[in-house]
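Each chain is listed here by its residues.
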Amino acid sequence: NMVLAQKESGAFLSSSLGGLYRGYGITLMREIPFAFIQFPMYERMKVHWSNYRGEEVNPVQAALCGSISGGFAAALTTPLDVIKTRLMLGEDKHGIKYKNAADVFGRVMREEGWKTLFSGIQPRVMWISIGGFVFFGAFEEYRSLSMIAGGYE
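Everything numeric here is computed off the predicted structure, so don't read it as measured data.

Draft legend 1. Expanded view of a nonpolar patch on the surface. Residues Val 60, Leu 64, Ile 68, Met 126, Trp 127, Ile 130, Phe 133 and Val 134 make up a contiguous nonpolar surface patch of roughly 770 Å² in combined accessible area. When residues of the nonpolar patch are traced back to their parent elements, those giving at least two are helix 4 (59-76) and helix 7 (121-149). Among the elements that line the nonpolar patch, the one with the most residues is helix 7, at 5 residues. Tracing the backbone through its elements, the reader meets Val 134 in helix 7.

Next comes the structure, spelled out in structure tokens:
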């Protein structure tokens with residue numbers, strides 16, 4: 001009955017759309033620093049490894065660079081991920097709604113301490129490291145094959 005009442009009043013649509021986009025801004029604020037850390041580190045690691053070996057890295061080696069750079073970026077941006085998650089949940093454990101990212105940050109620091117900002121760092125680093133290995137490995141393999149098919153190698 002409550003869902004039907006919300007639907008008739010338009011509140012259902014408002015809360016659905018609001019819920020869909022809640023945390024969009026902070027997600028961007030997490031992803032941009034993540035990319036600014038991961039991609040230059042990935043490229044720099046490939047250059048150093050290539051210089052050390054005297055030849056371009058292969059896709060598996062590039063995948064390892066992607067894994068390490070992704071894990072490092074994940075660790076550094078974990079506080080932003082914690083803030084994003086809490087903002088998307090909408091309220092704290094006492095049911096008090098969050099206003100914005102600054103409110104989440106302030107309340108976490110005041111009520112739980114800075115260590116809370118690194119909650120979930122281990123699984124985040126693990127999954128992003130695995131994802132970085134797969135993504136960059138596949139990317140480099142495809143790039144390598146397309147360069148050969150295009151006659152550039």
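Here the narrative resumes, following the displayed structure.
Draft legend 2. Representation of the pattern of salt bridges. Under the counting rule described, the total for this entry stands at 13 salt bridges. Of the charged contacts in the structure, one is a salt bridge between Lys 46 and Glu 140, with a shortest N-O distance of 2.8 Å. Highlighted residues: Lys 46 in helix 3 (residues 24-53) and Glu 140 in helix 7, separated in sequence by 94 residues. A single burial state applies to Lys 46 and to Glu 140, both of which are buried. The salt bridge partner of Glu 55 is Arg 53, with a shortest N-O separation of 3.0 Å. Classification of Glu 55 as partly exposed rests on a relative accessible area of 44%. For Arg 53, a relative accessible area of 35% puts it in the partly exposed group.

Draft legend 3. Examining the packing of aromatic side chains more closely. Under the counting rule described, the total for this entry stands at 5 aromatic pairs. Geometrically, the ring pair formed by Phe 39 and Phe 136 is edge-to-face, given 5.7 Å between the ring centres and 70° between the ring planes. Here Phe 136 lies in helix 7 and Phe 39 lies in helix 3, a separation of 97 residues in the sequence. Of the residues examined, Phe 136 reaches a relative accessible area of 3% and is grouped as buried. Here the aromatic rings of Phe 135 and Phe 136 are separated by 4.9 Å at their centres, their planes lie at 80°, and the arrangement is edge-to-face. Here Phe 135 falls in the partly exposed class, since its relative accessible area comes to 46%. Feature note: the residues Phe 39, Tyr 42, Phe 135, Phe 136 and Phe 139 constitute an aromatic cluster, connected by ring pairs.

The rules behind these values
- Residues numbered from 1 in each chain as written.
- Predicted model: local features only at pLDDT ≥ 70, side-chain atom pairs only at ≥ 80, totals over all residues.
- Heavy atoms only, no water.
- Patch = residues over 30% accessible without salt bridge, like charges linked within 9 Å, V, L, I, M, F, W, Y side chains within 5 Å.
- Areas by Shrake-Rupley, 256 points an atom, 1.4 Å probe, with all protein chains shown as cover.
- Salt bridge = Lys/Arg side-chain N within 4 Å of Asp/Glu carboxyl O.
- Helix = DSSP H or I, 4+ residues; strand = E, 2+ residues; numbered from the N terminus.
- Buried < 20%, exposed > 50% of the residue type's maximum accessible area, 1.4 Å probe, protein only.
- Phe/Tyr/Trp six-rings, centres within 6.5 Å; stacked < 30°, edge-to-face > 60°.

So far we have only geometry, and geometry alone does not tell us how the molecule works.
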